[in-house]
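This is what each chain is made of:
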Amino acid sequence: MTDTVVSSATREVVIGFGRPFVMIGERINPTGRRLLAEEMRNGDFSRVEADALAQAAAGAHMLDVNAGIPLADEPGLLAQAVKLVQSVTDVPLSIDSSIVEALEAGIAVYEGKPLINSVTGEEEVLERVLPLVARHGAAVVAISNDETGISEDPDVRFEVARKIVNRAADHGIGAADVVVDPLVMPIGAMGTAGRQVFQLVRRLREELGVNTTCGASNVSFGLPARHMITGTFLAMAMAAGLTSAIMNPLHPEVKNAVLAADVLAGNDRDCARWIAEHRDPDAVGLRRRGGRRRGP
């Protein structure tokens, strides 16, 4: 089965079928975070550092790094952010921008093999991003939209994904280095959004043999108790074949849904990750001391 390998200077992460789900931390993104955007614009990256450390400590296997701030020097900011995050954690990064110059700047300072986020099916984007990915031996997120926008028809989105995979092959980029994002729409606005993603993920796995990812929090946008919706969506998407997601590992409802789904799918060998996350620290201490717990 397909394995997508990404790395930092010292750590390798593999996204693949039958492997533990890869959690990609979403927090280093100024979109919708006015304070973070203002700080980054002013050269203050303290919140970026804090977010990187917190997500890695919470179990993120990779981190998405985005510096998309209107009217700011996005290439310069993204390069700074990438260098800073790599100086404080060794998890591999997803370098995230819709601006090719920013992707180039981020890749130029990156140590390892990054995941480039992203390329779409638009001709101009394909011709600019895919040569960049090939030249640096990176992996790339392929987003299932093109010049016509995001189709509500999952068959159309599948064909866009197929087109990107084929065009990537023309540039010497194998299917293992293409991670498809089938696009998650808010379930509150489109009641079929979940079923569409599950259908697409199955087809992407079975017909194209590619790994998949998504912006998981999109599904619950605008809803109350949204982290429960996001976590349940991820568990169901994993059952359909989703192998990674850009998500927030700091929300226990989301993280625990992922860990539990890995246990039930048999991807967490001997339930080791689940036990490590949920063992009673007091009980562990008592066993080590040979003691017995007293009281309730």
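A few points on the structure. (Residues numbered from 1 in each chain as written. Predicted model: local features only at pLDDT ≥ 70, side-chain atom pairs only at ≥ 80, totals over all residues. Heavy atoms only, no water.)

### Examining the packing of helix α8 (residues 226-240) against helix α9 (residues 252-264)
Across the interface, α8 lies against α9 with an axial gap of 8 Å and an inter-helix angle of 20°. As the angle between them shows, α8 and α9 are arranged roughly parallel. Here the hand of the crossing between α8 and α9 comes out right-handed. Residues His-227, Met-228, Thr-230, Gly-231, Thr-232, Leu-234, Ala-235 and Met-238 of α8 form the contact with α9, whose participating residues are Glu-253, Val-254, Ala-257, Val-258, Ala-261 and Asp-262. (Axes fitted to C-alpha atoms, helices over the stretch in contact; angles between N-to-C directions. Helix = DSSP H or I, 4+ residues; strand = E, 2+ residues; numbered from the N terminus. Parallel < 35°, antiparallel > 145°, perpendicular 65-115°, else oblique. Left-handed = near helix turned anticlockwise from the far one by under 90°. Contact = heavy atoms within 4.5 Å.)

### As for the sheet that holds strand β3 (residues 22-28)
Strand order in the open sheet made by the eight strands is β9-β8-β7-β6-β5-β4-β3-β10, with parallel pairing throughout. The open sheet terminates on both sides in strands that have one partner only, identified here as β9 (211-212) and β10 (244-247). Judged from the three bridges that link them, strand β5 (residues 93-96) and strand β6 (residues 115-119) form a sheet pairing that is parallel. The residue bridging Ser-94 from the neighbouring strand is Leu-115, located in β6. Sitting on the sheet, helix α6 (residues 154-170) is in contact with β6, β7 (139-143) and β8 (178-181), with an inclination near 165° to β8. (Pairing = 2+ DSSP bridges.)

### Description of the layout of surface pockets
Here the largest pocket defines a volume of roughly 1,300 Å³. Every residue lining the largest pocket is counted, 46 residues in all, and those nearest its centre are Asn-29, Thr-31, Asn-66, Asp-96 and Asn-218. Looking at the lining of the largest pocket, the elements with two or more residues in it are β3, β4 (62-66), β6, α5 (123-136), β7, α8 and β10. A per-class count over the lining of the largest pocket returns 16 nonpolar, 19 polar and 11 charged. Met-238, Ala-239, Leu-242, Ala-265 and Asn-267 are the residues nearest the centre of the second largest pocket, which is lined by 17 residues in total. Sorting the residues of the lining of the second largest pocket by element identifies α8 and α9 as the ones contributing at least two each. (1 Å grid on protein atoms, 1.4 Å probe; cavity = no way out; pocket = protein on both sides within 12 Å on 5 of 7 lines; lining within 4 Å. Points joined across faces, edges and corners; volume = space filled by probe spheres on them. Nonpolar A, V, L, I, M, F, W, Y, C, P; charged D, E, K, R; others polar.)

### Topic: α9
Over its 13 residues, α9 runs 18 Å from end to end, which matches the ideal 18 Å to within 8%, given 1.5 Å per residue. By the burial criterion, the buried members of α9 are Val-254, Lys-255, Ala-257, Val-258, Leu-259, Ala-261 and Asp-262. Contacts from the buried residues of α9 go to β3, α8, β10 and α10 (272-278). (Expected span 1.5 Å × (residues − 1). Buried < 20%, exposed > 50% of the residue type's maximum accessible area, 1.4 Å probe, protein only.)

### A look at unusual backbone geometry
The phi dihedral of Leu-183 falls on the positive side, at around 75°, and the residue is not glycine. By the element assignment, Leu-183 lies in the loop between β8 and α7 (193-208). Overall, Leu-183 belongs to the buried group, its relative accessible area being 12%. One non-glycine residue, Asp-270, lies in the positive phi region at around 55°. Along the chain, Asp-270 turns up in the loop between α9 and α10. For Asp-270, a relative accessible area of 67% translates into the label exposed.

### Examining the environment of Asn-117
Mapping Asn-117 onto the fold places it in strand β6. The class for Asn-117 is buried, based on a relative accessible area of 7%. C-alpha of Asn-117 to C-alpha of Val-141: the two residues are 24 residues apart in sequence and 5.0 Å apart in space. If sequence neighbours within four positions are ignored, Asn-117 has contacts with Asp-64, Ser-94, Ile-95, Asp-96, Ser-97, Leu-103, Val-141, Ile-143 and Ile-246. A polar side-chain atom of Asn-117 sits 3.3 Å from a polar atom in the side chain of Asp-64. (Polar contact = N/O pair within 3.5 Å; in protein donor to acceptor, adjacent residues only side chain to side chain.)

### Structural notes on the packing of aromatic side chains
To describe a pair of aromatic rings, one takes the distance between the centres and the angle between the planes. Throughout the structure, instances matching the rule amount to one aromatic pair. Above the plane of the ring of Phe-158 lies Arg-203, whose end atom (NZ or CZ) is 3.8 Å from the centre. (Phe/Tyr/Trp six-rings, centres within 6.5 Å; stacked < 30°, edge-to-face > 60°. Lys NZ or Arg CZ within 6 Å of the ring centre and 35° of its normal.)

### Notes on the pattern of salt bridges
Pairing between side chains of opposite charge can happen when the charged atoms of each approach one another. Tallying each qualifying case throughout the model produces 15 salt bridges. The residue Lys-113 makes a salt bridge to Asp-177 at a minimum N-O spacing of 2.8 Å. Here Lys-113 is found in the loop between α4 (100-109) and β6, whereas its partner Asp-177 is found in the loop between α6 and β8, with 64 residues between them in sequence. The exposure classification of Lys-113 matches that of Asp-177, with both residues buried. In this structure, Arg-203 and Asp-155 form a salt bridge, with 3.0 Å as the shortest nitrogen-oxygen distance. Taken as a pair, Arg-203 in helix α7 and Asp-155 in helix α6 lie far apart in primary sequence, 48 residues in all. Among the charged side chains, a network of salt bridges with common partners joins Glu-123, Glu-127, Lys-163 and Arg-167. (Salt bridge = Lys/Arg side-chain N within 4 Å of Asp/Glu carboxyl O.)

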